[in-house]
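# Analysis of the macromolecular model
Read off the chains here:
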Amino acid sequence: MSPPQPGDRADDVQTVTDSDGLNARPNYPERGGIDVFDSVLVRQPIVEDQTRTVRNLLTDWADDNVDGDVRTLLPAAGVTLVTLFLDDGEFSRTDDASHDPRRGDALLWYVEMVDADADAWATPDATIRRVSPVFGNGLADVLTDEATVHAGGRADHRYVTHVTNPYRRERYADAVGRSLVAPVAGDELPIPVAITSLAVKPGPTSTLVARAVDLINWLKRFDRARSWARDETDTVEAEAMYTESLLLEAVGDRQVTHYYMETEDMNRLYEAFYESNDWEARLSEWVMRRVLEHPEAFLDPPLETDCEVLIHAVDPERP
């Protein structure tokens, strides 16, 4: 629940890849922090009446790969984390159906990587379909070709922030103990992972939020702001948050925030957030209560989401 802040990219990260940018084993930065890694969301619509087939195919694949990790699921350039969600059509929806024509069930890929500018991520949907082994068992036949890519720098999208806990590798190993978690077919997820979309109030409020994000991203160009922000991770450690990212998208006459979290304990997260006297936590709460259409959906536990986690996989060596 960290507020949008200026941060920096790990400029010294080098990724060793093969000729087509796949099977990458990056030289990771020494630690995580704010805006050290990149992320992308890819929404792949499901053919009508084939949602059960999609779930069954992924259940079978996960059952056959319980000892795998993120490279088993998506062996692409510099990938550190992948969560597969089943989106029932609510991910991009706002209160007014006229705001967004996208409807229907979909497979939603949340992918964290070292560098989204790597060649493999110029076309995220094509890369995912080409390299992930889950497409070798008929999955492609029950997905349409009309994928939507949500990422900073793309049309109508503004990058806000991507935060990683510098100690998440150790915390994840202690809390979960496995690199690949497959809570399909009713299995219980051992750690909370969620994605949700939160509509900003339309009109002037959305305009103001977009301009504020533009200002923050401008400040990120300055070394002093980057170096200060990168290490501001006390809040995420207190909350036992592993990964958190926000992306802003213009949908109709308003902005919509796409929010992802990977945390150790949802109750601890909310308790730490509300008990903290940290100015960043209190400022973020004040802002969200005033700009979100329905702030209670985010600020009142548990976090409301209609996206079901199908597979969650990490790199055991990620910072």
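Since this is a predicted model, take the numbers as computed values, not measurements.

### Here we look at the overall build of the protein
- The number of helices and strands found in the protein is 10 helices and 13 strands.
- A total of 319 residues make up the protein; the buried ones form 57% of that total.
- Restricting the contact set of the protein to residue pairs at least 6 apart, pairs at least 24 apart contribute 81%.
- Summing over all exposed atoms, the protein offers an accessible surface of approximately 13900 Å²; the carbon and sulfur share of this is 47%.

### A word on the pattern of salt bridges
- This structure, assessed with the given rule, holds 14 salt bridges.
- A salt bridge links Asp315 to Arg71; its shortest N-O distance comes to 2.9 Å. Taken together, the positions of Asp315 in the segment after strand E13 (307-314) and Arg71 in helix H2 (residues 70-73) put the pair 244 residues apart, joining distant regions of the chain.
- With relative accessibility at 2%, the residue Asp315 sits in the buried group.
- Of the residues examined, Arg71 reaches a relative accessible area of 26% and is grouped as partly exposed.
- One salt bridge connects Arg171 with Glu237, and the closest N-O pair in it is separated by 2.7 Å. Taken together, the positions of Arg171 in helix H4 (residues 168-175) and Glu237 in helix H7 (residues 234-238) put the pair 66 residues apart, joining distant regions of the chain.
- A cluster of three or more residues bridged by salt bridges with shared partners is formed by Asp69, Arg71 and Asp315.

### Some remarks on the side chain of His150
- Its location among the elements puts His150 in strand E7 (residues 148-150).
- Among the polar contacts listed, one links the side chain of His150 to the side chain of Glu249, at a separation of 3.4 Å.

### Details of helix H8 (residues 266-275)
- Those residues of H8 not exposed but buried are Met266, Leu269, Tyr270, Ala272 and Phe273. What you see down the axis of H8 is that its buried residues fit within an arc of 165°, all on one side. Summarising the geometry of H8, the exposed residues directed more than 90 degrees from the buried face are Asn267 and Glu275.
- Elements in contact with the buried residues of H8: H7, strand E11 (241-251), strand E12 (254-263), helix H9 (279-291) and helix H10 (296-299).
- Two or three places before Asn267, at the start of H8, stands the capping residue Asp265, its side-chain oxygen 3.0 Å from that residue's backbone nitrogen.

### With respect to a negative patch on the surface
- Taken together, Asp88, Glu296, Asp300, Glu304 and Asp306 make up a surface patch of like negative charges.
- Locating Asp88 in the fold gives a position in the loop between strand E5 (79-87) and strand E6 (106-113).

### Topic: the side chain of Ser132
- Relative to the assigned elements, Ser132 resides in the loop between helix H3 (124-131) and E7.
- Apart from residues no more than four positions distant in its own chain, Ser132 is found in contact with Leu73, Leu74, Pro75, Trp109 and Thr127.

### Here's the deal with the packing of aromatic side chains
- Summed over all chains, the structure comprises 6 aromatic pairs.
- Pairing Phe85 with Tyr260 gives two aromatic rings, centres 6.3 Å apart and planes at 85°, and the pair type is edge-to-face. Taken together, the residues span a long stretch of sequence, with Phe85 in strand E5 and Tyr260 in strand E12 at a distance of 175 residues. Both residues of the pair, Phe85 and Tyr260, count as buried.
- Measuring from ring centre to ring centre gives 5.1 Å for Phe273 and Tyr274, while their planes differ by 75°; the resulting arrangement is edge-to-face.
- Members of the aromatic cluster, joined through ring pairs, are Phe85, Tyr110 and Tyr260.
- The lysine or arginine in question, Arg282, covers the ring of Phe273, its NZ or CZ lying 5.2 Å from the ring centre.
- Taking the ring centre of Tyr172 as reference, the NZ or CZ of Arg318 above it sits at 5.2 Å.

Each value, and the rule that gives it
- Residues numbered from 1 in each chain as written.
- Predicted model: local features only at pLDDT ≥ 70, side-chain atom pairs only at ≥ 80, totals over all residues.
- Heavy atoms only, no water.
- Helix = DSSP H or I, 4+ residues; strand = E, 2+ residues; numbered from the N terminus.
- Buried < 20%, exposed > 50% of the residue type's maximum accessible area, 1.4 Å probe, protein only.
- Contact = heavy atoms within 4.5 Å.
- Areas by Shrake-Rupley, 256 points an atom, 1.4 Å probe, with all protein chains shown as cover.
- Salt bridge = Lys/Arg side-chain N within 4 Å of Asp/Glu carboxyl O.
- Polar contact = N/O pair within 3.5 Å; in protein donor to acceptor, adjacent residues only side chain to side chain.
- Arc of directions from axis to C-beta.
- Patch = residues over 30% accessible without salt bridge, like charges linked within 9 Å, V, L, I, M, F, W, Y side chains within 5 Å.
- Lys, Arg positive; Asp, Glu negative; His and termini not counted.
- Charge placed at Lys NZ, Arg CZ, Asp CG, Glu CD.
- Phe/Tyr/Trp six-rings, centres within 6.5 Å; stacked < 30°, edge-to-face > 60°.
- Lys NZ or Arg CZ within 6 Å of the ring centre and 35° of its normal.

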